[in-house]
Structure formats: structure tokens, C-alpha cells
Amino acid sequence: QTTELSALVPIANVHARRLVLVGDHCQLPATALSLEAETRGLTLSLFQRLVSRGFPSFFLDTQFRMHPCIAEHSSMEFYGGKL
């Protein structure tokens, strides 16, 4: 996932009336190659930041690409058994 700042630049340039973000904030974090950036909170993705602030999101609860045993572990470990 891209960092919050990397996502904001193209969004600001488009002047869109609506924005749809697709992702999974429980998966890979945004990539920051600097310890300073990490300690300053710059490893959050825009999606992760918005979800943590209470913006509405929709949870897709069906896993199609994973073996059921692996999906069960992910479901329990990361999604509270909802997957």
C-alpha cells in the first residue's frame, strides 16, 4: 500500500467529487524506508487512517483465492472470525 502522502498528491490534483478507496487495512502496511518516517506515523495508508477515524467502510466477507484452512486462520487472527 502506498503512504498517505503519496496518495494525497494525485487526489488533490484531480478535484474529484467522489473518492473510492479499495484495500485492506489489516494487510500490508504502507512502505516507509525511514525510521524517522515510521516514528512520525507516516507508515499509515490513507485508507487505514480514514477507517481509524470512523469513515464508513464495507467489509467483503468471502475469500475466493485461499485454501479454507488458511482462510480460517486469517479470519480468526485478523478479522475476528468474520471472513
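About the cut-offs
Residues numbered from 1 in each chain as written. Predicted model: local features only at pLDDT ≥ 70, side-chain atom pairs only at ≥ 80, totals over all residues. Heavy atoms only, no water. Helix = DSSP H or I, 4+ residues; strand = E, 2+ residues; numbered from the N terminus. Buried < 20%, exposed > 50% of the residue type's maximum accessible area, 1.4 Å probe, protein only. Contact = heavy atoms within 4.5 Å. Areas by Shrake-Rupley, 256 points an atom, 1.4 Å probe, with all protein chains shown as cover. Lys, Arg positive; Asp, Glu negative; His and termini not counted. Charge placed at Lys NZ, Arg CZ, Asp CG, Glu CD. Patch = residues over 30% accessible without salt bridge, like charges linked within 9 Å, V, L, I, M, F, W, Y side chains within 5 Å. Salt bridge = Lys/Arg side-chain N within 4 Å of Asp/Glu carboxyl O. Arc of directions from axis to C-beta. Phe/Tyr/Trp six-rings, centres within 6.5 Å; stacked < 30°, edge-to-face > 60°.

1. A few points about the overall build of the chain
Of the regular secondary structure elements, the chain holds four helices and zero strands. Starting at the N terminus and walking to the C terminus, you meet the elements of the chain as α-α-α-α. Counting only C-alpha atoms and orienting by the principal axes, one finds that the chain spans roughly 40 × 35 × 25 Å. Sorting the 83 residues of the chain into buried and exposed places 14% on the buried side. Contacts in the chain between residues far apart in sequence, at least 24 positions, make up 53% of those at least 6 positions apart. Accessible surface, the chain as shown: approximately 7,100 Å² in total, 59% of it carbon and sulfur. Across the chain, the mean location of the 7 positive side-chain charges is 13 Å away from that of the 7 negative side-chain charges.

2. What about a nonpolar patch on the surface?
Taken together, the side chains of Leu5, Leu8, Ile11, Leu19, Leu21 and Leu42 make up a nonpolar region of the molecular surface, amounting to roughly 460 Å² of accessible area. Assignment of secondary structure puts isoleucine 11 in helix α1 (residues 4-14). Isoleucine 11 sits in the partly exposed class, given a relative accessible area of 30%.

3. Regarding helix α4 (residues 68-78)
Of the residues making up α4, those classed as buried are Ala71, Ser74 and Ser75. Each buried residue of α4 sits inside an arc of 100° when the element is viewed along its axis, so together they form one side. Among the exposed residues of α4, those pointing more than 90 degrees away from its buried face are Cys69, Glu72, Met76 and Glu77. Of the residues one or two after α4, glycine 80 is the one with positive phi, at around 60°.

4. Looking at the packing of aromatic side chains
In this structure the tally under the stated criterion is one aromatic pair. When the centroid spacing of 6.4 Å and the interplanar angle of 65° are considered together, the rings of phenylalanine 78 and tyrosine 79 count as edge-to-face. What makes tyrosine 79 buried here is its relative accessible area of 11%.

5. Remarks on unusual backbone geometry
Of note in the backbone geometry, histidine 15 takes a positive phi value of approximately 60° without being a glycine. With respect to the helices and strands, the residue histidine 15 is situated in the loop between α1 and α2 (35-39). Residue histidine 15 is classed as exposed on the basis of its relative accessible area of 66%.

6. A look at the environment of valine 22
With respect to the helices and strands, the residue valine 22 is situated in the loop between α1 and α2. Placed 35 residues apart in sequence, valine 22 and serine 57 show a C-alpha to C-alpha distance of 9.4 Å.

These values are about where atoms sit, not about what they do.
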